[in-house]
Amino acid sequence: SLFDCCVSHLWDDLMTSAKVKERQEEIEQFNKRNQWKKRGLSMVPVVYPINTSWGKFTVFVAIYHTDGSVVITHGGVEMGQGIDTKVMQVAASTLGVPMEMIHVMSTNTLTGVNSSDSGSSITSELNCLGVLECCRR
């Protein structure tokens, strides 16, 4: 069973929709028929805590008074994980403006001088949190 996890209700749904028990029975039969080639299937719950105390990311959100456009500079590195899109979505939702009015500038050593390294799936979350805080103020 899953402990200290807010997605435990999804576990049974996933077990059913992925037909894990039936597939494991098929695999067991396959393994009995094959001496050298074996298969396996399991589900393992993983809890990935996000601790915001170790990662520091600098975020700037500028709203231009002439046209209301928004420019975001954050300390993360976009390397295919979608961080720029995520921070744009947070800003658009929080400020109530369309995403077309938001532009994300690349990180640099002037605006992101004290940012942590980008990695371990926390970069997007911490930068989104930073953008959320900027937009709320």
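Residues numbered from 1 in each chain as written. Predicted model: local features only at pLDDT ≥ 70, side-chain atom pairs only at ≥ 80, totals over all residues. Heavy atoms only, no water.

With respect to the overall build of the protein
Helix and strand counts for the protein come out as 4 helices and 3 strands. Listing every helix and strand of the protein by position from the N terminus yields α-α-β-β-α-β-α. Taking all 137 residues of the protein together, 28% fall into the buried category. Element-wise, carbon and sulfur atoms account for 55% of the exposed surface of the protein, whose accessible area totals about 9600 Å². (Helix = DSSP H or I, 4+ residues; strand = E, 2+ residues; numbered from the N terminus. Buried < 20%, exposed > 50% of the residue type's maximum accessible area, 1.4 Å probe, protein only. Areas by Shrake-Rupley, 256 points an atom, 1.4 Å probe, with all protein chains shown as cover.)

Notes on the environment of Ile 122
The topology assignment puts Ile 122 in the loop between β3 (102-105) and α4 (123-136). Among the residues examined, Ile 122 registers a relative accessible area of 2% and is labelled buried. For the pair Ile 122 and Gly 76, spaced 46 residues apart in sequence, the C-alpha to C-alpha distance is 9.8 Å.

Thoughts on the packing of helix α3 (residues 83-95) against α4
Running from amino to carboxyl end, α3 crosses α4 at an angle of 25°, the nearest separation of the two axes being 9 Å. With respect to α4, the axis of α3 lies roughly parallel. Where α3 crosses over α4, the handedness of that crossing is right-handed. Counted together, Ile 83, Lys 86, Val 87, Val 90, Ala 91, Thr 94 and Leu 95 of α3 and Thr 123, Ser 124, Asn 127, Cys 128, Val 131, Leu 132, Cys 135 and Arg 136 of α4 form the full contact between these two elements. Its residues assigned to classes, the contact of α3 with α4 comprises 9 nonpolar, 4 polar and 2 charged. (Axes fitted to C-alpha atoms, helices over the stretch in contact; angles between N-to-C directions. Parallel < 35°, antiparallel > 145°, perpendicular 65-115°, else oblique. Left-handed = near helix turned anticlockwise from the far one by under 90°. Contact = heavy atoms within 4.5 Å. Nonpolar A, V, L, I, M, F, W, Y, C, P; charged D, E, K, R; others polar.)

Focus on the pattern of salt bridges
Think of it this way: side chains of opposite charge can pair up when their charged atoms draw near. Enumeration over the complete set of coordinates arrives at 3 salt bridges. A salt bridge links Glu 133 to Arg 136; the shortest N-O distance between them is 3.8 Å. In this pair, Glu 133 and Arg 136 both sit in helix α4, 3 residues apart, roughly one turn of the helix. Judged by relative accessible area, Glu 133 falls into the partly exposed class, the value being 31%. What makes Arg 136 exposed here is its relative accessible area of 56%. As a salt-bridge pair, Arg 137 and Glu 133 come within 3.6 Å of each other at their nearest N and O atoms. Several salt bridges converge on common partners, so that one network encompasses Glu 133, Arg 136 and Arg 137. (Salt bridge = Lys/Arg side-chain N within 4 Å of Asp/Glu carboxyl O.)

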